[in-house]
Structures are given as C-alpha cells and as structure tokens.
Amino acid sequence: MMAVYDDMNEKTKEKIQKSFLQLLQEKNFIKVSVQDIAKASGINRGTFYLHYLDKYDLLDQMEENLLAGLEVQLERLQPDRLLLEAEKGNISMHAVEVFRYIQLNAETFKVFLGGNNRVGFHKRLKQFFVEHFLEKMISNELFFNSTTVPQDYLSSFATSAFLGLIEQWLDNDLAETPKQMAEMYIQIIFFIKNL
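These numbers come from a predicted model, not from an experiment.

Engineer: Go over the packing of aromatic side chains, please, and point to the residues and values.
Structural biologist: Each aromatic ring pair is characterised by the separation of its centres together with the angle its planes make. Evaluated as defined, the whole model comprises 11 aromatic pairs. On the basis of an interplanar angle of 90° and a centroid distance of 5.4 Å, the ring pair of phenylalanine 48 and tyrosine 49 is categorised as edge-to-face. The exposure class assigned to phenylalanine 48 is buried, which follows from its relative accessible area of 0%. Note on phenylalanine 112 and phenylalanine 121: the rings are 5.3 Å apart at their centroids and 65° apart in plane angle, and the pair reads as edge-to-face. One aromatic cluster is present, built from ring pairs that chain together Phe99, Phe128, Phe129, Phe162, Trp169 and Tyr185. Positioned above the aromatic ring of phenylalanine 29, the side-chain terminus of lysine 55 is 4.5 Å from the ring centre.

Below you can see the structure in the form of structure tokens.
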C-alpha cells in the first residue's frame, strides 16, 4: 500500500516539475505563481504545498536533482586518464556520458540557463563544474604545468568555455551527438593548452 502512495507522490511531483518547466518557458520566474503551477499541473494549491514550501523550494529541489545527476557522471571522469586517452586520440566514454546526461535533461538545462529563470543557476553550474571536475584537470601537472596563470583564473576561464559549449549545443537543438561534443570539448582543451 505504501508503494502505491509513494508512486502517486512521485507522479504528482513529476507533473508539478514538468508544468513548472513549461511555465518557465513562457514567462519569467518572478511572474510564475504557485497558483499558476497548481493550475497547469491539474492539482490544487494544497497538494502543491504537500510537496514544496513554495516556488523557490521547487526550483531549488529541481536544480539540486539536476546537479546530483550530473555529479554522478562527473565523478566517473578521471582527468588524468581523460587527458592521457585524449592525447592518444581516444575519447573517454565517461566524457560522452556527461554530454549524454545533458542531452537527456536538455529541456531542464535550457530552461534553467535561459532568461526566464531566476539569476543564479548559471553561476551555480559554473561553480559546480569548478568543484567537481575542472580543478582536478587544471591541477594536473601533466597538462597545465607550463602556465603561470593563477589556478582560479584558469579554472574560471575553462569553466566558462565549457558552459559556453553546452549553451551553444543547447541553442543548436543538440545538433551534435554526445560523442561529437566530448570530442569537441577535448579539442578545445588541447587548443587552450597549446595557446
């Protein structure tokens, strides 16, 4: 009996989140009300409040879930191996999986990085990449040993480049495959290395 209740709760939360994303495609976060979300979800406001404190809590939980899934993919990446494999002309399947995750969650990434979301996700995502991957890559002596640029600046530059790549891919409606994106990212990293 409890499993049925849990399934219903999950389906309701999914419906709320899907409706919320749809609303954010249409109008600014500031202008979206809990009533709008409830109406679009086909539920009443009381049901919304059983799952979320307010629209900020809904957005925070959705962002957290998105980043938690991305973290799983990034944890599998080992910068040392990624770079060594790339130097041999091989692309890590784990790198492809990072882009596959973005592809599978493209609508959410588009909305959260878009102009209708509250300010902050872009910066939060940038910091997330710094903490979970790029600092490991940049501190790799095999790769960035010849630079005198302070690590925080190098990290900021590399993260902005990675985010720009993702945003362009999303803007191009995912025209390239995750494998092509991983290859492109590696090419960019080596281009930067050789500057």
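Engineer: Before we move on, can you summarise the environment of glycine 115 with the specific residues and values?
Structural biologist: In this structure, glycine 115 sits in the loop between helix H7 (106-113) and helix H8 (121-138). The exposure class of glycine 115 is exposed, given its relative accessible area of 68%. Sequence separation between glycine 115 and leucine 24 is 91 residues; the distance between their C-alpha atoms is 9.1 Å.

Engineer: Account for the packing of helix H6 (residues 93-104) against helix H10 (residues 151-171), with residues named and values stated.
Structural biologist: Taken N-terminus to C-terminus, the directions of H6 and H10 make an angle of 45°; their axes are 11 Å apart at the nearest point. When the interaxial angle is binned, H6 and H10 end up oblique. With respect to the hand of their crossing, H6 and H10 are arranged in right-handed fashion. Of the residues in H10, those in contact with Val98, Phe99, Ile102 and Gln103 of H6 are Phe162, Leu165, Ile166 and Trp169. By residue class, the composition of the contact of H6 with H10 is seven nonpolar, one polar and no charged.

Parameters at a glance
Residues take numbers from 1 onward in each chain, read along the sequence in its written order. Local features in this predicted model are restricted to residues of pLDDT 70 or higher, and side-chain atom pairs are both shown and tallied only at a pLDDT of 80 or more, whereas totals for entire chains, interfaces and linings draw on every residue. Note that the side-chain values use all heavy atoms of the structure and ignore hydrogens as well as water. Any Phe, Tyr or Trp ring, taking Trp's six-membered ring, that has another such ring centre within 6.5 Å forms a pair; planes under 30 degrees apart are called stacked, those over 60 apart edge-to-face, and the others tilted. Working definition: with a 1.4 Å probe on protein chains only, accessible area under 20% of the residue-type maximum means buried, over 50% means exposed, and in between means partly exposed. When the NZ atom of lysine or the CZ atom of arginine is within 6 Å of a ring's centre and also within 35 degrees of its normal, the charge is said to sit over that ring. Where helices and strands are cited, they refer to DSSP runs of H or I of at least four residues and of E of at least two residues respectively, numbered from the N terminus. Interaxial angle, 0 to 180 degrees, is taken between N-to-C directions of lines fitted to C-alpha atoms, where a helix line uses only the stretch in contact. Roughly parallel means an angle under 35 degrees; roughly antiparallel means over 145; roughly perpendicular covers 65 to 115; every other angle is labelled oblique. Here a crossing is taken to be left-handed if its near helix is turned anticlockwise relative to the far helix by less than a right angle, and right-handed if that turn runs clockwise. Residue contacts are counted whenever heavy atoms from the two residues lie within 4.5 Å of one another. Residues are sorted three ways: Asp, Glu, Lys and Arg are charged, Ala, Val, Leu, Ile, Met, Phe, Trp, Tyr, Cys and Pro are nonpolar, and all the rest, Gly among them, are polar.

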